[in-house]
Amino acid sequence: MATIKVKQTGSPIRRTKDQRATLVGLGLNKMHRVSELEDSPEVRGMIRKVHHMVEVQD
């Protein structure tokens, strides 16, 4: 399976609860953490939901 690295670049302060939960679901809960996940449509959808707080790395 292909993997994708996601880095948290934005703070979840003053964000909605569902966006915070999405970050936790991605394995991110602190600034500048990197999480390596499998590249699936579900993960891509989660990234799209919080695209303003994360960065996709190669």
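Residues numbered from 1 in each chain as written. Predicted model: local features only at pLDDT ≥ 70, side-chain atom pairs only at ≥ 80, totals over all residues. Heavy atoms only, no water.

**A closer look at the environment of Ser11**
For clarity, the threshold we go by: Numbered from the N terminus, helices here are DSSP runs of H or I no shorter than four residues, and strands are runs of E no shorter than two. Here the term buried applies to any residue with accessible area under 20% of the maximum for its type, exposed to any over 50%, and partly exposed to those in between, with areas from a 1.4 Å probe on protein chains only. Whether two residues touch is decided by their heavy atoms; if any such pair falls within 4.5 Å, the residues are in contact. In protein, a polar contact means a hydrogen-donor-capable atom and an acceptor-capable atom, both N or O and within 3.5 Å, with residues adjacent in sequence counting only if both atoms are side-chain atoms; elsewhere, any N or O pair within 3.5 Å suffices.
Tracing the sequence through the fold places Ser11 in the loop between strand S1 (3-8) and helix H1 (17-25). When its relative accessible area of 29% is taken as the criterion, Ser11 is described as partly exposed. Dropping the residues within four chain positions of it, Ser11 is found in contact with Met31 and Met53. Within the local environment of Ser11, its side chain forms a polar contact with the backbone nitrogen of Ile13, the two atoms lying 3.2 Å apart.

**A few points about the pairing of S1**
Selection rule: Two strands are counted as paired when DSSP detects at least two bridges linking them.
Along S1, the buried face is formed by Ile4, Val6 and Gln8; none of Thr3, Lys5 and Lys7, which line the opposite face, is buried. When S1 meets strand S2 (residues 34-38), the two strands line up antiparallel, connected through 5 bridges. Among the inter-strand pairings, Lys7 is bridged to a residue of S2, identified as Val34. Pairing geometry for S1 and strand S3 (residues 54-57), over 4 bridges, is antiparallel. Residue Val6 lies in a different strand from S3, and its bridge partner there is Val56.

**Considerations on the sheet that holds S2**
Filter applied, for reference: The axes used here are C-alpha line fits, helices contributing only the stretch in contact, and every angle between their N-to-C directions lies in the interval 0 to 180 degrees.
Strands sit in the order S2-S1-S3 across an open sheet of 3 strands; the sheet is antiparallel. Whereas interior strands pair on both sides, the edge strands pair on one side only; in this sheet they are S2 and S3. When strand polarity is set aside, the average angle formed by the axes of neighbouring strands in this sheet is 30°.

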